[in-house]
Amino acid sequence: MSSRVNLLAPKVRMNPYPLYAELRRSAPVSQVDPGGLWAVARYADVLTVMKNPRLFSSEGIRRTYRPPWISNYPMADSMLVMDPPHHTRLRSLVNRAFGASVMTRLEPRIRELAQQLATTLPAGQTMDFVDAFSIRVPIAVLGDLVGIPPSLHTRLKQWAEVMTQFTSVGPEDTGLQERIRATVAEAREHFEQVLEERRRAPREDLVSDLLRARVDGEALTATDLMGFMFLLLIGGLETTVHLLSASALKLQEDPALMARLRAEPELIPRFIDELLRHSGPVHGVVRLVTDEVELGGARIPRGERLLLLMASANRDEAHFPEPDRFDLDRPGPQNLPFGHGVHFCLGAQLARMEARLALEALLARFSRLTLGEQPARWNISLVMRGPTLLPLAAHRD
Ligand code: HEM
């Protein structure tokens, strides 16, 4: 490939997979637009980077969350932008709270919610599937995790919508900057209130568990806690929403597959794993190079940023035979859609469970999905891919 490709070009966003394949073939580590990041397209190189946080730092990208127009954004204090040993300390404290008990407590609630939601979907009528279904389950789960009651779930959704625009706001876009500042202040105020309430009266919930967590007698600080609440909001919502929307799109596209999953619901977890590999929501993850390094045949100077193209790695023919084929019988589980190494997704099990329960409920009630007349609308981002509007009709016949 001779000139730099633009990963945000509308044609690429419509379907980035042919470009990813071309990058894997002829420019596996190369600078791309916007921003001149070094895109890493092959499975083996992505893994090499994720296994070496000293040379490929997450802490190095913390400054992305500290632009001059906002004084204190809690994502900058989250473990997502930390390296060992700071990351190790925080992750072990959070692991204590985010264990199997979260799953056990949430499973019956999510099942009930998903079943109830499925009955409210209008049979045979076009709806925006994102708004009617995909977002509802993860919002309720997140609300439960961060202690925000159902009456405020619409607010929670708005906070997440505004804050996911954080990394794409331009220096001149003062309107959006102001909206983000106001949203961050409002969310912070709510979370402070929840933390204060749980300090006074602990409950059987994640926030109380986080306040109780100790490793070697050490607890999470107020800054750690706020950073983690924001990280859950940013990391736990959009990802799962896109997973559910992509699942529905796949079922619409392949009615025989939908019929098979209805007949054999025990295959749903395999469907979810293959979907995450084939069309997973996380397309890019960023790291900073701390020392000059050679990777995939390219020499990268110190201080440069890498964009690990997870969605490309997950379709690497050197690792997955016939990678573009959706194959329910592919040996699994494949975990790369959730990252690798020290930052491996804390919510992987939870996300898989949410998706399983949501799809079980949907498949139990509907036999067919069809596209509406209006086309789907896709988000524009280097790190995440999914529809923001998905007109679909669900049928019971
Ligand atoms: C389909 C759904 C999801 C996908 C594909 C996904 C993917 C990922 C990936 C790729 C990373 C690693 C980022 C990096 O290496 O820089 C990550 C980290 C993380 N995820 Fe997820 N995620 C999902 C859902 C969730 C959910 C539901 C939660 C919690 C409610 C969650 C919480 C986190 C947290 C806290 C981290 C940071 C871990 C650390 O820095 O040690 N994720 N996720």
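Everything below is about the structure shown above.
Now for a description of the structure that goes with this document. Note that the coordinates shown come from a computational prediction; the quantities given were computed from them, not determined experimentally.

A closer look at the sheet that holds strand S9 (residues 368-371)
So, step 1. Taking strand neighbours across the sheet as the criterion, the three strands line up as S4-S12-S9 in an open arrangement whose pairing is antiparallel. Pairing within the sheet leaves two strands with one partner each, and these edge strands are strand S4 (126-128) and S9. Between one strand axis and the next, the sheet turns by 40 degrees as a mean value, whatever way the strands run.
So, step 2. Alignment of S9 against strand S12 (residues 391-395), held across four bridges, turns out to be antiparallel. Across the sheet, the residue bridging to Arg-368 is His-395, located in S12.
So, step 3. Running over the sheet, helix H12 (residues 238-253) touches S9 and S12 and is turned about 95 degrees from S9.

Focus on the coordination of the iron atom of the ligand
So, step 1. One donor from the polypeptide reaches the iron atom of the ligand: Cys-345 (SG), at 2.3 Å.
So, step 2. Its location among the elements puts Cys-345 in the loop between helix H15 (310-313) and helix H16 (348-365).

Considerations on unusual backbone geometry
So, step 1. In this structure, the amide linkage connecting Asp-33 to the following residue, Pro-34, adopts the cis form with an omega of -5 degrees.
So, step 2. The phi torsion at Asp-216 lies on the positive side, around 50 degrees, for a residue other than glycine.
So, step 3. Summarising the element assignment, Asp-216 is placed in the loop between helix H10 (206-212) and helix H11 (222-236).
So, step 4. Asp-216 sits in the exposed class, given a relative accessible area of 79%.
So, step 5. The phi angle at Glu-322 is positive, at roughly 45 degrees, despite the residue not being glycine.
So, step 6. Here Glu-322 lies in the loop between H15 and H16.
So, step 7. For Glu-322, a relative accessible area of 53% corresponds to the exposed category.

Observations regarding helix H5 (residues 100-120)
So, step 1. The end-to-end C-alpha separation of H5 is 30 Å, in line with the 30 Å expected for 21 residues at 1.5 Å each.
So, step 2. Elements that come into contact with the buried residues of H5 comprise helix H4 (86-97), helix H6 (129-134), helix H7 (136-146), H10 and H16.

What about the site of the ligand?
So, step 1. Close contacts around the ligand come from 29 residues, with His-87, Arg-91, Arg-287, His-343 and Cys-345 the closest.
So, step 2. Arg-287 is positioned with one of its side-chain polar atoms (N or O) 2.7 Å from an oxygen atom of the ligand.
So, step 3. Between the ligand and the protein, one listed contact pairs an oxygen atom with a side-chain N or O atom of His-343 at 2.7 Å.
So, step 4. Among the elements that line the shell around the ligand, the one with the most residues is H11, at four residues.

Focus on the pattern of salt bridges
So, step 1. Summed over all chains, the structure comprises 32 salt bridges.
So, step 2. A salt bridge links Asp-77 to Arg-66; its shortest N-O distance comes to 3.6 Å. In this pair, Asp-77 sits in the loop between strand S3 (56-57) and H4 while Arg-66 sits in the loop between S3 and H4, placing the two residues 11 residues apart along the sequence.
So, step 3. One salt bridge in this structure joins Arg-111 and Glu-107, with 2.9 Å as the shortest N-O distance. Within this pair, Arg-111 and its partner Glu-107 are both found in helix H5, separated by four residues, close to a single helical turn.

Parameters and conventions
All residue numbers here refer to positions counted from 1 along the written sequence of the relevant chain. At least 70 in pLDDT is required for a residue's local features to be given in this predicted model, at least 80 for side-chain atom pairs to be given and counted, and no such filter applies to totals for whole chains, interfaces and linings, which use all residues. With hydrogens and water stripped out, all remaining heavy atoms of the structure feed into the side-chain values. In short, DSSP must find at least two bridges between two strands for them to pair. What counts as a helix is a DSSP run of H or I of at least four residues, what counts as a strand is a run of E of at least two, and both are numbered from the N terminus. Lines are fitted to the C-alpha atoms to define the axes, a helix being fitted only along its stretch in contact, and any angle between axes, read from their N-to-C directions, falls within 0 to 180 degrees. What makes two residues a contact is simply this: any of their non-hydrogen atoms within 4.5 Å. Counted as donors are N, O and S atoms no farther than 2.8 Å from the metal, or 3.2 Å for Na, K and Ca; water is not among the atoms, and sites may therefore look incomplete. The buried label applies to any residue whose accessible area, calculated with a 1.4 Å probe on protein chains only, is under 20% of its type's maximum; exposed applies above 50%, and partly exposed to all values in between. Take the residue count of a helix, subtract one, and multiply by 1.5 Å to get its expected span. When we say a residue is near a molecule or strand, we mean one of its heavy atoms is within 4 Å of it. N or O atoms within 3.5 Å of each other form a polar contact, as long as, within protein, one can give a hydrogen and the other can take it, and as long as residues adjacent in sequence are counted only when both atoms are side-chain atoms. Should a side-chain nitrogen of Lys or Arg be within 4 Å of a carboxyl oxygen of Asp or Glu, the pair is scored as a salt bridge.

The analysis is restricted to geometry; functional conclusions fall outside its scope.
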